[in-house]
Amino acid sequence: MSQSNIVEVLYQDHHSWLTGWLRRKLGCPQNAADLAQDTFIRAYRAIGGFRGDAQFSTWLHRIVLNACFDRLRRLAARLLAAAIMLGGATNAGKTRRRR
């Protein structure tokens, strides 16, 4: 079986649960579909690194979590840049220490 056939079978086996999980976590079907697509693209590119030590679903779950974290970092950077451009963030990015 070729690599593309393997990925197609894995996609068919895992797309439904992954998209459902993302919908429940994100609350937005469009964002869920977008992140699911991003996850499978990342999995396709990294499939050679899958060692089989764990189930494929476990490996795929790690990839989707990393995709979510990457998206959050990009969103935070855009929000910070927008706040700075609007001049409302003189202390943007700084955290306050609690007493």
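This text gives an overview of the structure that appears in the document. (Residues numbered from 1 in each chain as written. Predicted model: local features only at pLDDT ≥ 70, side-chain atom pairs only at ≥ 80, totals over all residues. Heavy atoms only, no water.)

To continue, consider the packing of helix α2 (residues 29-46) against helix α3 (residues 56-85). Following both chains from N to C, one finds α2 and α3 inclined at 120 degrees, their axes separated by 9 Å at the closest point. Taken together, the axis directions place α2 and α3 in an arrangement best described as oblique. Two packed elements cross with a definite hand, and for α2 against α3 that hand is right-handed. Of the residues in α3, those in contact with Asn31, Asp34, Leu35, Asp38, Thr39, Phe40, Arg42, Ala43 and Ala46 of α2 are Trp59, Leu60, Ile63, Val64, Asn66, Ala67, Cys68, Asp70 and Arg71. In terms of residue class, the contact of α2 with α3 is made up of 10 nonpolar, 3 polar and 5 charged. (Axes fitted to C-alpha atoms, helices over the stretch in contact; angles between N-to-C directions. Helix = DSSP H or I, 4+ residues; strand = E, 2+ residues; numbered from the N terminus. Parallel < 35°, antiparallel > 145°, perpendicular 65-115°, else oblique. Left-handed = near helix turned anticlockwise from the far one by under 90°. Contact = heavy atoms within 4.5 Å. Nonpolar A, V, L, I, M, F, W, Y, C, P; charged D, E, K, R; others polar.)

Once that is clear, we can look at the packing of aromatic side chains. This structure, assessed with the given rule, holds 4 aromatic pairs. Residues Tyr11 and Phe40 carry aromatic rings whose centres are separated by 4.8 Å and whose planes lie at 65 degrees to one another, so their mutual orientation is edge-to-face. Of this pair, Tyr11 sits in helix α1 (residues 3-26) while Phe40 sits in helix α2; the two residues are 29 residues apart in sequence, bridging distant segments of the chain. We classify Tyr11 as partly exposed; its relative accessible area is 38%. The buried category is assigned to Phe40, whose relative accessible area is 9%. (Phe/Tyr/Trp six-rings, centres within 6.5 Å; stacked < 30°, edge-to-face > 60°. Buried < 20%, exposed > 50% of the residue type's maximum accessible area, 1.4 Å probe, protein only.)

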